[in-house]
Amino acid sequence: MAPTPRRVRQLLSWFATAAVWCSVLTAAIVVGVHSDLPRIDPASAAVLGSIGAACAGVLMWRAAGRIAPGRRTTYQLMAAGIQAIAAGIAAACWLPGGAGDLAAGIVLSTAVVLWSLALLRLPDNGWDPQAVQRRLVDGAFVGLCFLFAFWLLLARPLFQQWRGHLSDGDLAIVIPSMMGVVMLGVGVTTTFRIQRWRRRHAFAYIAVFAVHLTGMATFTTWQWDRPDERILWWSVAWVATCAALLGVTYLARTQKPAPVDKPNYPGVHYAVMGGAAGLAAAAVLFNGAHAGALPLDAALLALAAAGALAARLVLTYFDVRRVTGEAAARQRKLSAIVGVASDTVLVLDPDLTVTWHPEDSAWRPATDSGSCVGASFLELVHIDDRRGAEEDLRTLLDGINHSRQVSLNVRVRDSARRWRHTETVVTDLRGKPQVRGLVARMEDVGARRSLETELARMAYTDPLTGLANRRALLQSLEDGVSAEEHQTALLLLDLDGFKNVNDTRGHDFGDELLVEVSRRIKELLRPTDVGARLGGDEFAILLRASWSEAVGTAKALVARLGEPYDFHDESTVFTTGSVGIATAAEGFGDPEILLRNADLALRAAKQAGKNRYATYDAEFDRKVRRKNELTQELRGAIRRDELRLVFQPVFATADRSIVGAEALMRWHHPRLGHVSPGEFIPAATESGLTQDLAVWTVNRAAEQLAAWSALGIKAWISVNVSVKELHTHLFATEVNTALIAAGVPARRLVLEVTEHDFSHQMNTLVAQLSALRGAGVRIALDDFGSGYSSLGQLERLPVDIIKIDRDLIAKDDGGVGPLAAVTVALGRILGMEVIAEGVETDTQLSAMEAAEAPLVQGYLLAKPMEPDDLTRWLADDPKAQRPALPAQSTPAEVIDADDAVPDGDGPADDTPNDVPKSEKS
């Protein structure tokens, strides 16, 4: 597996550290062998300093490992420099003469290079090539100037006085010392160029230079045979400066990021460079005045300083080229962007005179003369928008507008003398030295305004008919209500039978019909009226008129819509319309309520027979609200256990015994109280809840039959069902499940179906009833004589029992209808059981007995009663506990408890809680 870069760096650092310590320990051993214990040998002092410096370098390396990765490398380079100088001085102690000097010179120079790299990297925590080049060249120039002056005026004379001439061994001291002065120049110039961490950088380069100075002093005093105690003191100072640099490393571990950059001081930086150059020039002049020509070594230093200055000029040249290129590229990019954008920019002076405009903008504002720059901004603005723009700009110039910015929606003339709709944002930049004026950014929004206008038209217009849509109508209603226009009326129109036109002629033909209807509506509109299409075939007309005028318009509208419609294919369509009328006085000032009231009036017109108009009726509204409330509450009535059953007995005519009972549903709501079946049964039918109610009734009836069976009572129970339940196989399954669960014979359950229901889907209904009858359940035809069944249909119906409608039995004067006896005889002939329901007087009962009606039911004999009351009656009647006869009895047989059947209607005026004939459940 290939080693990772991190692993390679770790191995190299370990090898370098091992080499350093091998050199230091070797020097300690060699010097220790040749030293006299009672006194300190000069080499011993140098070795002790190397050991201390090496220890400080190791500690500094370990401390740098806890610094953030970006800054860690800088301090590791410093630690490597300490290790290098320690290794170099140690190597000079145990290597022989020339080899030791060569090794020391190379290692000491390497240490200076490592420290210089660390100082160059410290400000950015990384390598920014351009910044490093500038810092290196500037620092080298300053350092070489200082070095030239120091060498020419001080160091060279002293060196000649002490050493006479420069030997090979002295190069190991002179070259690293000169490099150290250059490193000092790099540190000084970099400190003034950076914008943050100046203090940290100053501490670092001072500490590094102190380590280099004390290390070189230790090495120099030892090499040049200075007094032994001086070598020892320099060694101690060397170790102390290494410890100080170690302290700088520990401070860097807790260094927090600078919150903001400090200001740059280019003047100070260039003053340092100029001062260094001036010092070098003064040294040349002084030397020329006292010593003559420059010596070769000083001339080489001067040439190096000149080379650094030349390098700085070259870098400056390339920097200027780069900046100029970047500026040109930005200008080209800006011109390209401005050239395709719909914006343009103007710069105005405090007098609102245009002082600048981009040349490459997509369009140019212009005055009548065609000029832009030098003209007043207000001359560019349309005269109708000029006054408002001047007022807004004046608030900006006077400082009243604290946001220092205003937005203007003005029309501006362009160079083609066209007026452009613009959104202009003017910003006050008089305080900016680069601008010192107002900057107006103008965006051409003409296309957007046109699009907004078109979208607004589409949002408030019906695309098919061109009339207003629902949103526009509501807006007009709201405007009229907010203006308290009580002379406001709303007409809602709905076509009668429009769905048939769509289904038979197609939707395209239907759309053509809607367009013709909208044309006829427009003919009746006045300028103050609003016609709208709400959707489908529903239209609306908002009238600024009184109630009587609204009624007149509705009459004319119904008449106009009833006229034939001739189409392009020479076909004619006849259709009508229904209209609902509501006025603002009835809408209580709320557009939504006014629209709802008109919709209720339209519903009333539809229910009244269509092709007419109707006005809003508060009583009709109350009934609709009541019906909706009942529908909502009825959905949870079963779960809340609010429903119950009552039973109306069916009697045998022969002995007045109870043979069965009809189950009637009652609903008691905790808030609404007792709700009449005449109210909640129609609500259940319209909302699709009859299936759940029928299943619940069958289950409760089965449970009641099971309870009677436990008491030995053989009476049957009949349950009213509708055709909707019989048209689904799930109902038959529910019936069988309920009977099986209760353990009740199927023949003791009778399902009553109203005669009216047999007019729909006769074949399907016959099949479903035959299936139920085959399972043992008996079928009764309820309200016989009130529907439209023919004798042929009656013969094919799977019916066991006929319940004669009370209208055939009872007259208004309490007498008996003439068809009652005929109907009883008809049932006998067809082999069906007959129940005469609605018997309310003795005369009617006697007539049924004379007609030999086997079973009777009515208020004369018993009203609907609670299950417990009927159970006690049946328990006290021994005839109700007789064994059941076979299900198919002959007409001559006496009907017993298992063969009789149910009913449950009483007089309408006496039984407001009973179910009407067509609404039993």
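Note that the structure is predicted; figures quoted are calculated from it, not measured. (Residues numbered from 1 in each chain as written. Predicted model: local features only at pLDDT ≥ 70, side-chain atom pairs only at ≥ 80, totals over all residues. Heavy atoms only, no water.)

**Focus on the overall build of the chain**
A tally of regular secondary structure across the chain gives 30 helices and 21 strands. Residue burial in the chain is summarised as follows: out of 921 residues, 47% are buried. Just so you have it, the chain exposes about 44400 Å², and 58% of that area is on carbon and sulfur atoms. (Helix = DSSP H or I, 4+ residues; strand = E, 2+ residues; numbered from the N terminus. Buried < 20%, exposed > 50% of the residue type's maximum accessible area, 1.4 Å probe, protein only. Areas by Shrake-Rupley, 256 points an atom, 1.4 Å probe, with all protein chains shown as cover.)

**Quick word on the packing of aromatic side chains**
Under the definition given, this model contains 5 aromatic pairs. Centre to centre, the rings of Phe-509 and Phe-567 are 4.4 Å apart; their planes meet at 55°, and the pair counts as tilted. On the criterion of sequence distance, the pair formed by Phe-509 in helix α16 (residues 507–524) and Phe-567 in the loop between β9 (565–566) and β10 (572–573) is long-range, its members being 58 residues apart. Just as Phe-509 is buried, Phe-567 falls in that class too. Ring plane angle 55° and centroid distance 5.8 Å describe the contact between Phe-651 and Trp-873, whose orientation is recorded as tilted. (Phe/Tyr/Trp six-rings, centres within 6.5 Å; stacked < 30°, edge-to-face > 60°.)

**Describing the packing of helix α15 (residues 498–505) against α16**
Running from N to C, α15 and α16 point in directions that differ by 140°, and their axes come no closer than 7 Å. Considering their axes alone, α15 and α16 lie oblique with respect to each other. Of the residues in α16, those in contact with Phe-498, Val-501, Asn-502 and Arg-505 of α15 are His-507, Phe-509, Gly-510, Leu-513 and Leu-514. In terms of residue class, the contact of α15 with α16 is made up of 5 nonpolar, 3 polar and 1 charged. (Axes fitted to C-alpha atoms, helices over the stretch in contact; angles between N-to-C directions. Parallel < 35°, antiparallel > 145°, perpendicular 65-115°, else oblique. Contact = heavy atoms within 4.5 Å. Nonpolar A, V, L, I, M, F, W, Y, C, P; charged D, E, K, R; others polar.)

**Comments concerning the nonpolar core**
In terms of nonpolar packing, the biggest core is built from 76 residues, with Tyr-75, Met-78, Trp-115, Phe-219 and Leu-245 touching the most fellow members. Looking at this core element by element, the count peaks at 12 residues for helix α5 (residues 129–162). When sequence neighbours within four positions are dropped, the list of residues in contact with Tyr-75 reads Met-60, Ala-64, Ile-67, Leu-122, Arg-200, Val-248, Thr-249 and Ala-252. In terms of nonpolar packing, the next biggest core, distinct from the first, is built from 67 residues, Ala-663, Leu-693, Ala-702 and Leu-874 among them. (Core = buried A, V, L, I, M, F, W, Y, C linked by side-chain atoms within 4.5 Å.)

**Points about helix α20 (residues 618–634)**
Residues spaced three or four apart along an α-helix face the same direction, because each turn holds 3.6 residues. Here α20 is 17 residues long and its end C-alpha atoms lie 24 Å apart, about the 24 Å a rise of 1.5 Å per residue gives. Considered for burial, the residues of α20 that qualify are Phe-620, Asp-621, Val-624, Leu-630, Thr-631 and Leu-634. For α20, the side-chain oxygen to backbone nitrogen distance between the N-cap and Glu-619 is 3.2 Å, and the N-cap itself is Asp-617. (Expected span 1.5 Å × (residues − 1). Polar contact = N/O pair within 3.5 Å; in protein donor to acceptor, adjacent residues only side chain to side chain.)

**Some words on helix α24 (residues 729–742)**
The first and last C-alpha atoms of α24 sit 20 Å apart over 14 residues, in line with the 20 Å expected at 1.5 Å per residue. For α24, the full list of buried residues reads Phe-731, Ala-732, Val-735, Ala-738 and Leu-739. The buried side chains of α24 occupy one side of the element, clustering within an arc of 130° when seen end-on. What points out from α24, more than 90 degrees from its buried face, is the exposed set His-729, Ile-740 and Ala-741. (Arc of directions from axis to C-beta.)

**Description of the sheet that holds strand β5 (residues 437–444)**
Taken in spatial order, the 5 strands make up an open sheet running β2-β1-β5-β4-β3, and their pairing is antiparallel. Only two strands of the sheet have a single partner each, and these edge strands are β2 (354–356) and β3 (405–413). Taking the axes of each pair of neighbouring strands and ignoring which way they run, one obtains an average angle of 35° across the sheet. Alignment of β3 against strand β4 (residues 419–429), held across 9 bridges, turns out to be antiparallel. In the sheet register, Val-410 faces β4, and the bridge partner there is Thr-422. Across the face of the sheet, helix α12 (residues 383–397) comes into contact with β3, β4 and β5 while running at roughly 150° to β3. (Pairing = 2+ DSSP bridges.)

**Side note on a nonpolar patch on the surface**
Residues Phe-150, Leu-153, Leu-154, Leu-158 and Phe-286 make up a contiguous nonpolar surface patch of roughly 450 Å² in combined accessible area. Among the elements that take part in the nonpolar patch, α5 stands out by supplying 4 residues, more than any other. By secondary structure assignment, the location of Leu-158 is in helix α5. (Patch = residues over 30% accessible without salt bridge, like charges linked within 9 Å, V, L, I, M, F, W, Y side chains within 5 Å. Salt bridge = Lys/Arg side-chain N within 4 Å of Asp/Glu carboxyl O.)

**Here's the deal with the pattern of salt bridges**
Going through the model one piece at a time under the given rule, you end up with 36 salt bridges. A salt bridge links Arg-533 to Asp-462; the shortest N-O distance between them is 3.2 Å. Remark: Asp-462 occurs in the loop between α13 (446–459) and α14 (470–482) and Arg-533 occurs in strand β7 (residues 530–535); sequence separation between them is 71 residues. In this structure, Arg-533 and Asp-462 share a single accessibility class: buried. Two residues, Glu-752 and Lys-803, come together in a salt bridge whose shortest N-O distance is 3.1 Å.

**Some details on the environment of Ala-683**
Turning to its location among the elements, Ala-683 is positioned in helix α21 (residues 677–687). In this structure the C-alpha to C-alpha distance between Ala-683 and Leu-634, which are 49 residues apart in sequence, comes to 8.5 Å. Look past the residues within four positions of Ala-683 in its chain and what remains in contact with it is Lys-627 and Thr-631.

**Regarding the sheet that holds strand β6 (residues 489–496)**
One open sheet accounts for 5 strands, arranged β7-β8-β6-β11-β12; its pairing is mixed. Of all strands in the sheet, those with a lone pairing partner are β7 and β12 (613–615), marking the two edges. For this sheet the average axis-to-axis angle between neighbouring strands, irrespective of direction, equals 20°. Here 3 bridges tie strand β11 (residues 576–583) to β12, and the two strands are oriented parallel to one another. Bridging across to β12, Val-579 finds its partner in Tyr-613. Contacts from α16 reach β6, β7 and β8 (538–543) within the one sheet, and its direction differs from that of β8 by about 10°.

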